[in-house]
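What follows is the residue order along each chain.
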Amino acid sequence: MALRMWASSTANALKLSSASKPHLSLSRCFSTVLDGLKYAESHEWVKHEGSVATIGITDHAQDHLGEVVFVELPEPSGSVSKGKGFGAVESVKATSDINSPISGEIVEVNTKLSEAPGLINKSPYEDGWMIKVKPSSPTELESLMGSKEYTKFCEEEDASH
């Protein structure tokens, strides 16, 4: 009963009601999913701007990993292939491979992550980006999910566990 009263008063304070449409859609796990990015089933995101695509892991992925303590990234001027690993993220819970959602030439690596791997937890879509790639096959982006599809994918994946 107290929880229901707290939720009701919080909703009133935030001016939320079931009749109004929210401006921000949050998945059941409250991970942030941004519009304008593309998402892979392996929980990497891609932001394609001009001739360069920035790649990182999603908020959903970092949330499930927990506190990131080490990041292994490739050298600049190498290449990545869609679906193949290019690095790893080590957290207090586990070590996970990072797969590239697209193919291309690596043009930049986020060197800040070697000194501050926690940037992935604090800012997965901005300061926690991992690599920048010049796509070799831009049509690969079309096979990735948009924000609504990725949100639904995460909700279904979480429900099955």
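Values in this document were obtained by computation on a predicted structure and should not be read as measured data.

So, how was this worked out
Think of each chain on its own: its residues are numbered from 1, step by step along the sequence as written. Reporting of local features is limited, given that this is a predicted model, to residues whose pLDDT is at least 70; pairs of side-chain atoms are given and counted only at 80 or more, and all residues count toward the totals for whole chains, interfaces and linings. Only hydrogens and water are set aside when side-chain values are computed; all heavy atoms of the structure are taken into account. In DSSP terms, a helix is any run of H or I states spanning at least four residues, a strand is any run of E spanning at least two, and both are numbered starting from the N terminus. Helix span, expected: 1.5 Å multiplied by one less than the number of residues in the helix. We call a residue buried when its accessible area falls under 20% of the maximum for its residue type, exposed when it is over 50%, and partly exposed in between, using a 1.4 Å probe and counting protein chains only. Working note: the arc is built from the helix axis to C-beta atom directions. DSSP-based pairing: two strands are paired if at least 2 bridges between them are found. Here a salt bridge means any side-chain nitrogen of Lys or Arg lying within 4 Å of a carboxyl oxygen belonging to Asp or Glu. Residues belong to one nonpolar core when they are buried, are Ala, Val, Leu, Ile, Met, Phe, Trp, Tyr or Cys, and are joined through side-chain atoms within 4.5 Å. Note on contacts: a residue pair is in contact if any heavy atoms of the two residues lie within 4.5 Å. Confidence of the predictor at the level of single residues is given by pLDDT, which spans 0 to 100.

Tell me what's going on with helix α5 (residues 147-159), and back it up with residues and numbers.
Given a rise of 1.5 Å per residue, 13 residues ought to cover 18 Å, and the 18 Å separating the end C-alpha atoms of α5 matches this to within 8%. Residues of α5 that are buried include every one of S147, Y150, T151, F153, C154 and D158, and no others. Looking down the long axis of α5, one finds its buried residues gathered within 160° of arc, a one-sided arrangement. In α5, the exposed positions angled more than 90 degrees off the buried face are occupied by K148, K152 and A159.

Could you give an account of the environment of A94, with specific residues and numbers?
Relative to the elements of secondary structure, A94 occurs in the loop between β6 (85-91) and β7 (95-99). Look at A94 and you get partly exposed, because its relative accessible area is 35%. On a C-alpha basis, the gap between A94 and G66 in space is 8.5 Å, while along the polypeptide they are 28 residues apart.

Tell me what's going on with the pairing of strand β8 (residues 104-109), and back it up with residues and numbers.
Looking along a regular strand, one sees side chains alternate from face to face of the sheet. Bridge count between strand β5 (residues 79-80) and β8: two bridges; the pairing is antiparallel. Of the residues in β8, the one forming a bridge with V80 is G104. Relative to strand β9 (residues 131-135), β8 runs antiparallel, the two being bridged by five bridges. Paired with I106 across the bridge in β9 is V133.

Tell me what's going on with the sheet that holds strand β3 (residues 52-57), and back it up with residues and numbers.
Taken in spatial order, the six strands line up as β1-β2-β3-β9-β8-β5 in an open sheet, and their pairing is antiparallel. At either end of the open sheet lies a strand with only one pairing partner, and these are β1 (38-39) and β5.

Give me the pattern of salt bridges: which residues, what numbers.
Applying the stated rule across the entire model yields two salt bridges. Between K152 and E156 there is a salt bridge, with its nearest N and O atoms 3.9 Å apart. You can see K152 and its partner E156 sitting in helix α5, four residues apart, about one turn around the helix. Since its relative accessible area comes to 47%, E156 is described here as partly exposed.

Provide a residue-level description of the nonpolar core, including the pertinent values.
F86, I120, M130 and I131 are the most contacted members of the largest nonpolar core, which has 25 residues in total. Listing elements by their share of this core, those giving two or more residues are β3, α2 (59-65), β4 (68-72), β6, β8, α4 (119-122) and β9. Broken down by element, this core gets its largest block of residues, three residues, from β3. In terms of nonpolar packing, the next biggest core, distinct from the first, is built from ten residues, L37, Y39, Y125 and F153 among them.

Now, about the side chain of S91: what can you tell me, with residues and values included?
Its place among the elements puts S91 in strand β6. Every residue in contact with S91, bar those within four places of it in the chain, is listed here: L65, G66, E67, V68 and V69.

Would you mind going over unusual backbone geometry in detail, with residue names and values included?
One non-glycine residue with positive phi stands out, namely H43, at about 70°. Mapping H43 onto the fold places it in the loop between β1 and β2 (44-49). The backbone of S77 sits at a positive phi, close to 75°, despite the residue not being glycine. Mapping S77 onto the fold places it in the loop between β4 and β5. The exposed category is assigned to S77, whose relative accessible area is 62%.

With reference to specific residues and values, describe the confidence of the model for the protein chain.
The predicted model of the protein chain averages 83 in pLDDT, with 81% of residues at 70 or higher. Counted against residues more than four places away or in other chains, residues 1-29, with its pLDDT under 50, gives ten contacts.

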